[in-house]
Amino acid sequence: MKCNLVAIFTVVLALAIAASAGSISGKVSGVNGESVVYVDTIAGKTFPAPADHPVMDQKGLLFSPHIMIVQAGTTVDFLNSDKVAHNVFWPSVMQGSKKLPGKNLGTWPQGEKRPFKFDQPGVASLLCNVHPEMAGYIVVSPTPYFAKTDKSGDYKIENVPDGQYNVVAWHEGAKASTKAVAVSGDSKADFTVSK
Ligand SMILES: [Cu+2]
């Protein structure tokens, strides 16, 4: 009897894993280089804030990574790895065409980190007021379903439950493109964005 229960539990568990193993994949074209693709706000659904603090580094007079995607509610640690002091600010957080307030985190020396929690979905264009040529992006996704494309525009978002979603493709300096996608298992969505 005990054996049977274990067997049943194993089957149920396997089915549960299979049910949540859908994905969205495809290509973002019309632009060169990396883009970001994410599932937009899902009505009536919230997601717990991730505990991990991804690091946005300032290294070699560059923001690294150039583009970071995080789920809303994530705290990002801004690190300065250079010998020179860097500043971090973003003039606003763009939520579609809506402009949310920006933030200036200040200026700090090598080896120091300053955290900031991104509560609102949107895009923060990072700048450094010491080095005007420095630029980076933090794309804050309303859901945990997001991916960065490779340089040729291919992407795959893993572990997306079946359902009907609005999926957004974002590219630096271009107009974001939104598409309704019906996810059932492994699904496809291609985007064309233009500047
Ligand atoms: Cu700087």
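The present account deals with the structure reproduced in this document. Since this is a predicted model, take the numbers as computed values, not measurements. (Residues numbered from 1 in each chain as written. Predicted model: local features only at pLDDT ≥ 70, side-chain atom pairs only at ≥ 80, totals over all residues. Heavy atoms only, no water.)

Strand order in the open sheet made by the five strands is S5-S11-S10-S7-S8, with mixed pairing throughout. Each having just a single partner strand, strand S5 (67–71) and strand S8 (98–108) make up the two edges of the open sheet. The sheet shows a mean angle of 20° between the axes of neighbouring strands, taken without regard to direction. Here strand S10 (residues 122–127) runs beside strand S11 (residues 135–141); their pairing, made up of six bridges, is antiparallel. Of the residues in S11, the one forming a bridge with Leu127 is Ala135. (Pairing = 2+ DSSP bridges. Helix = DSSP H or I, 4+ residues; strand = E, 2+ residues; numbered from the N terminus. Axes fitted to C-alpha atoms, helices over the stretch in contact; angles between N-to-C directions.)

Take the side chain of Ser23 next. Positionally, Ser23 belongs in strand S1 (residues 23–29). Assessed through its relative accessible area of 1%, Ser23 is described here as buried. A distance of 2.7 Å separates the side chain of Ser23 from the side chain of Asp186, its partner in a polar contact. If sequence neighbours within four positions are ignored, Ser23 has contacts with Lys156, Ile157, Glu158, Val160, Val183, Gly185, Asp186 and Ser187. (Buried < 20%, exposed > 50% of the residue type's maximum accessible area, 1.4 Å probe, protein only. Polar contact = N/O pair within 3.5 Å; in protein donor to acceptor, adjacent residues only side chain to side chain. Contact = heavy atoms within 4.5 Å.)

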